[in-house]
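Inside the fold
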Amino acid sequence: MYLVLQREGDEKPTRWRYDFKKLMSVEREDIERRTGKNFAQFTQDVLQGNSLCRRALLFTYLRRDHPKTRFEDVDFGWGELTLEYSKQEFETMRENVLESLHGDELAAALAAIDKNIETAFDDTEAAAEGKAPLPIAE
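This text gives an overview of the structure that appears in the document. (Residues numbered from 1 in each chain as written. Predicted model: local features only at pLDDT ≥ 70, side-chain atom pairs only at ≥ 80, totals over all residues. Heavy atoms only, no water.)

For helix α3 (residues 51-65), with 15 residues, the first-to-last C-alpha span of 21 Å sits near the 21 Å given by 1.5 Å per residue. Every buried residue belonging to α3 is among Cys53, Arg54, Ala56, Leu57, Leu58, Phe59, Thr60, Tyr61 and Leu62, and all of these are buried. For α3, the N-terminal capping position is held by Asn50, with its side-chain oxygen 3.0 Å away from the main-chain nitrogen of Leu52. (Helix = DSSP H or I, 4+ residues; strand = E, 2+ residues; numbered from the N terminus. Expected span 1.5 Å × (residues − 1). Buried < 20%, exposed > 50% of the residue type's maximum accessible area, 1.4 Å probe, protein only. Polar contact = N/O pair within 3.5 Å; in protein donor to acceptor, adjacent residues only side chain to side chain.)

Evaluation of the coordinates by the stated rule reveals six aromatic pairs. A ring pair is formed by Phe59 and Phe71, whose centres lie 5.4 Å apart and whose planes are at 90°; its orientation type is edge-to-face. Placement of Phe59 in helix α3 and of Phe71 in the loop between α3 and β3 (81-84) is noted, with a sequence separation of twelve residues between them. Of the two residues, Phe59 and Phe71, neither departs from the other in class, the shared state being buried. Positioned above the aromatic ring of Tyr2, the side-chain terminus of Arg15 is 5.8 Å from the ring centre. Over the aromatic face of Phe71 sits the side chain of Arg55, whose NZ or CZ is 4.1 Å from the ring centroid. (Phe/Tyr/Trp six-rings, centres within 6.5 Å; stacked < 30°, edge-to-face > 60°. Lys NZ or Arg CZ within 6 Å of the ring centre and 35° of its normal.)

This structure, assessed with the given rule, holds nine salt bridges. For Glu89, the salt bridge identified is with Arg17, shortest N-O distance 3.2 Å. Here Glu89, found in helix α4 (residues 87-100), pairs with Arg17, found in strand β2 (residues 14-17); they are 72 residues apart in sequence, far enough to count as distant. Accessibility expressed as a relative area gives 22% for Arg17, which makes it partly exposed. When the shortest N-O distance is used, the salt bridge between Asp73 and Arg70 registers 3.1 Å. Each of Asp30, Arg34 and Arg63 takes part in one network of salt bridges that share partners. (Salt bridge = Lys/Arg side-chain N within 4 Å of Asp/Glu carboxyl O.)

What follows is the structure in structure tokens.
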């Protein structure tokens, strides 16, 4: 999964690999202080769209690139920040639904996943182009 910041006017989005297991303990503790949530609740709230949690996550990644970034300066339009699955993650989901769903549920799930696969970010293309590995946070 990726945290993606696409500001109006930017040619390309900024994309960070989001893997909560890869956050450093200092980052996790800072997130807990800023949000008032334990880390397990934070990870759920990020996925459910909690504004403060997504802002704290964005701050964590921005601070990695720009250590002097202040939390108060982190602001974004709601449509500018998204969480996105990669093409490979959608392919894994597709395999899982093939094993667990049947009939109309399977058909609907496959249609939705296949539609997303078409436009999802391709991890293998990024690696093949020689791009540096992306930061990871979960």
